[in-house]
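Here are the chains, one letter per residue:
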Amino acid sequence: MFMASQNSSGSVSASGARSRSRSSVPPMKCYHDDVAPIRTVRVNCPTQGRRTCGYFKWADEVDNVLELQMLAIKKDTKISELEYERDVLKGKVKKLKQSTTEHENQVAELAIENIEKFHTMETVKADKKLCIMLFMS
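Residues numbered from 1 in each chain as written. Predicted model: local features only at pLDDT ≥ 70, side-chain atom pairs only at ≥ 80, totals over all residues. Heavy atoms only, no water.

## Structural notes on the overall build of the chain
Turning to step 1, where the next piece is worked out: If you tally the helices and strands in the chain, you get 1 helix and 6 strands.
Turning to step 2, where the next piece is worked out: In sequence order, the chain lays out its α and β elements as β-β-β-β-β-β-α.
Turning to step 3, where the next piece is worked out: Taken across its 137 residues, the chain has 14% of its residues classed as buried.
Turning to step 4, where the next piece is worked out: In the structure as shown, the chain presents an accessible area of about 11600 Å², 58% of it carried by carbon and sulfur atoms. (Helix = DSSP H or I, 4+ residues; strand = E, 2+ residues; numbered from the N terminus. Buried < 20%, exposed > 50% of the residue type's maximum accessible area, 1.4 Å probe, protein only. Areas by Shrake-Rupley, 256 points an atom, 1.4 Å probe, with all protein chains shown as cover.)

In structure tokens, the structure reads:
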């Protein structure tokens, strides 16, 4: 756990804590708008008579509940948008499947029509040959 602590004169309160550079933790400021150092707590840090401004905060503690609420709203909004997009895509897939079925049915009907026309043409062709043979004989 990390903590930030600084007294009112701007000097660092280092009771039981060692300073470490934490680039992933953003700089924090105490009540006096001074940058507070980042410390790693290894033991309890009693003040034992030292006077401080009372500033103490865990580095991973949330500063602003409103920020978290806004972040949650943004995430919920994004989830809603993605769910809507998913539903729209599901509708499009359903329409494409229906369209595919309709086209398959149309192709089957055209195939039957073509077979019937082919048989009709074969019959006409056979009749024509028969007429020519009768005419020639």
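## Description of the pattern of salt bridges
Two side chains of opposite charge can pair, provided their charged atoms sit close to one another.
Turning to step 1, where the next piece is worked out: Summed over all chains, the structure comprises 1 salt bridge.
Turning to step 2, where the next piece is worked out: For Asp87, the salt bridge identified is with Arg86, shortest N-O distance 3.3 Å.
Turning to step 3, where the next piece is worked out: For Arg86, a relative accessible area of 43% translates into the label partly exposed. (Salt bridge = Lys/Arg side-chain N within 4 Å of Asp/Glu carboxyl O.)

## Comments concerning a nonpolar patch on the surface
Turning to step 1, where the next piece is worked out: Where nonpolar side chains cluster on the molecular surface, the patch consists of Leu66, Met70 and Ile73 and spans about 290 Å² of accessible area.
Turning to step 2, where the next piece is worked out: By the secondary structure assignment, Met70 is in helix H1 (residues 65-136). (Patch = residues over 30% accessible without salt bridge, like charges linked within 9 Å, V, L, I, M, F, W, Y side chains within 5 Å.)

## Here we look at the confidence of the model for the chain
Turning to step 1, where the next piece is worked out: When pLDDT is averaged across the chain, the result is 76; 64% of the residues are at 70 or more.
Turning to step 2, where the next piece is worked out: Segment residues 1-22 is flagged for pLDDT under 50; beyond a separation of four residues in sequence, or across chains, it makes 65 contacts in the model. (pLDDT = per-residue confidence, 0-100. Contact = heavy atoms within 4.5 Å.)

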